[in-house]
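The lines below spell out each chain.
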Amino acid sequence: MPLTRGAGAGALALPASLRAEIVAHARESAPHEACGLVAGRGGRATRVIRCANVADDPLRRYVMEPAAVMHALRSVQDAGEESADGVEGEPLAIYHSHVYSGPYPSPTDRAEARWPSSFYILVSVRAEEPEVRAYRIRADHPGSEKTVVEAELTEG
Amino acid sequence: MAVTVRLPGSLRDAVGGDNKVSATGGTLEEVFADIDRRHPGFRARVVDERGRLVTYVNVYIGEDDARSKGGLAAEIPEGAEVMVIPAMAGGCR
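Being a predicted model, the structure only gives us computed values, none of them experimental.

The rules behind each value
Residues numbered from 1 in each chain as written. Chains lettered and ligands numbered in written order. Predicted model: local features only at pLDDT ≥ 70, side-chain atom pairs only at ≥ 80, totals over all residues. Heavy atoms only, no water. Helix = DSSP H or I, 4+ residues; strand = E, 2+ residues; numbered from the N terminus. Rg over C-alpha atoms; globule rule 2.2 N^0.38 Å. Buried < 20%, exposed > 50% of the residue type's maximum accessible area, 1.4 Å probe, protein only. Areas by Shrake-Rupley, 256 points an atom, 1.4 Å probe, with all protein chains shown as cover. pLDDT = per-residue confidence, 0-100. Expected span 1.5 Å × (residues − 1). Contact = heavy atoms within 4.5 Å. Pairing = 2+ DSSP bridges. Buried area = accessible area lost by both parts, 1.4 Å probe. Salt bridge = Lys/Arg side-chain N within 4 Å of Asp/Glu carboxyl O. Polar contact = N/O pair within 3.5 Å; in protein donor to acceptor, adjacent residues only side chain to side chain. Nonpolar A, V, L, I, M, F, W, Y, C, P; charged D, E, K, R; others polar. Core = buried A, V, L, I, M, F, W, Y, C linked by side-chain atoms within 4.5 Å.

1. Quick look at the overall build of chain B
When helices and strands are tallied, chain B shows two helices and six strands. Moving toward the C terminus, one meets the helices and strands of chain B in the order β-β-α-α-β-β-β-β. For a compact globule of 93 residues, the expected C-alpha radius of gyration is about 12 Å, and chain B comes in at 13 Å, within 12% of that figure. If one aligns the C-alpha atoms of chain B with their principal axes, the spans along those axes are about 45 × 30 × 25 Å. Here chain B, with 93 residues, has 52% of them falling under the buried criterion. Summed over all atoms, the accessible surface of chain B reaches about 4300 Å², with 46% contributed by carbon and sulfur.

Structure, rendered in structure tokens:
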């Protein structure tokens, strides 16, 4: 899969404490994939919202519990938080873990990405040292194939 | 009856870019039909050819999952907010 960096993907400021929270969630959930939302404003993450993974095969897939997503989105709306593109009421980022592979969006991740205004955070806990990366996954035009662009990830 | 419908994520571009629209209707079917009149093609994004909600969206009417309330036939109570939420999902392969 072509992976490009930079252009138009923007930057996500993820404070070390929130990065640690996502990594902890991934480790606690292993061998299952962990998933959740990151809320924030102005490209800076301010909180992590864990969601249960209700996939039939949580070793290889994640599906966030729909009711948990609904409640999380309501809280993001109420707080006036914004997506990566500044869309109010949408998550800044959506995260999930890969237990046995690297922090790169898989073909399934790309096919099922339906949040074009949010960053996608991938955390890999396959090695002792966790790896965290952020991407945008979206179609350039409605109906066109989605592209994956890696975003800059800073500690804010 | 007027309802607020939230259409975040990939559904935003089906209604012209806003993730919140106003619509009228007493059932989910009527609400979707009303949105589709103003934004042709919207219904096809959320309802399959057999007339069921597509698997990758979840619809909430207030706190209730529309699928547990009759799907498209679900009634919309006065003042309820409808959320049509694209699934957050993926996998390692």
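2. As for the confidence of the model for chain B
Residues and elements named next belong to chain B. Summing up the model confidence of chain B, the mean pLDDT is 95 and the portion of residues at 70 or higher is 100%. Mean pLDDT per element in chain B: strand S6 (residues 89-91) is the minimum at 94, and strand S3 (residues 57-61) is the maximum at 98. For this predicted complex, the interface confidence comes out at an ipTM of 0.95, alongside a pTM of 0.94.

3. A few points about helix H2 (residues 66-79) of chain A
Its 14 residues give H2(A) an end-to-end C-alpha distance of 20 Å, which sits within 8% of 20 Å, the value for a rise of 1.5 Å per residue. Within H2(A), burial applies to A:Ala68, A:Val69, A:Met70, A:Ala72, A:Leu73, A:Arg74, A:Val76 and A:Gln77. For H2(A), the elements touching its buried residues are strand S3 (35-41) and strand S4 (44-51) of chain A together with strand S1 (2-6), S3 and strand S5 (81-86) of chain B. Positive backbone phi, at 65 degrees, marks A:Gly80, one or two positions downstream of H2(A).

4. Examining the pairing of strand S8 (residues 131-139) of chain A
All names here are of chain A. Across five bridges, the pairing between strand S7 (residues 119-124) and S8 is antiparallel. In the strand pairing of S8, Ile121 is matched with Ala134. Where S7 folds back on S8, the antiparallel hairpin that results is connected by six residues. Relative to strand S9 (residues 146-154), S8 is paired through six bridges, and the arrangement is antiparallel. When the sheet's bridge partners are listed, Tyr135 is paired in S9 with Glu150.

5. Considering the interface of chain A and chain B
Contacts between the two partners involve 32 residues from chain A, matched on the other side by 23 residues from chain B. Both sides together, the interface formed by chain A and chain B hides about 2400 Å², and carbon and sulfur atoms give 54% of it. For chain A, the biggest contributors to the area lost against chain B are A:Arg74, A:Arg114 and A:Trp115; these three give 26% of the whole. Salt-bridge contacts for B:Arg12 lead to A:Glu90; the nearest nitrogen and oxygen are separated by 3.5 Å. Joining chain A to chain B, the criterion identifies 22 residue pairs in polar contact (both at pLDDT 80 or more). Counting residues per element, the ones that place at least two in the side of chain A that touches chain B are strand S5 (61-63), H2, strand S6 (93-98) and helix H3 (107-111) of chain A. Looking at the side of chain A that touches chain B element by element, the count peaks at eight residues for H2(A). Within the side of chain A that touches chain B, the residues separate by chemical class into 16 nonpolar, seven polar and nine charged.

6. Topic: the nonpolar core
In terms of nonpolar packing, the biggest core is built from 27 residues, with B:Val5, B:Leu28, B:Phe32, B:Val59, B:Val82 and B:Val84 touching the most fellow members. Within the residue set of this core, elements represented by two or more residues are S1, strand S2 (20-24), helix H1 (28-38), helix H2 (42-46), S3 and S5 of chain B. Not counting the four nearest positions on each side in its chain, B:Val5 is found in contact with B:Asn19, B:Lys20, B:Val21, B:Ala23, B:Val31, B:Ile35, B:Val82 and B:Val84. If you look at the next biggest cluster of nonpolar residues, it comprises 25 residues, including A:Ala113, A:Trp115, A:Tyr120 and B:Met88.

7. Structural notes on the pattern of salt bridges
This model, assessed by the stated rule, comprises 15 salt bridges over all chains. For A:Asp57, the salt bridge identified is with A:Arg60, shortest N-O distance 3.1 Å. A:Arg60 gets classed as partly exposed once you look at its relative accessible area, which sits at 33%. The partner of B:Glu29 in a salt bridge is B:Arg43, with the nearest N and O atoms 3.0 Å apart. Here B:Arg43 lies in helix H2 and B:Glu29 lies in helix H1, a separation of 14 residues in the sequence. Take B:Arg43: its relative accessible area is 26%, and that puts it in the partly exposed class.

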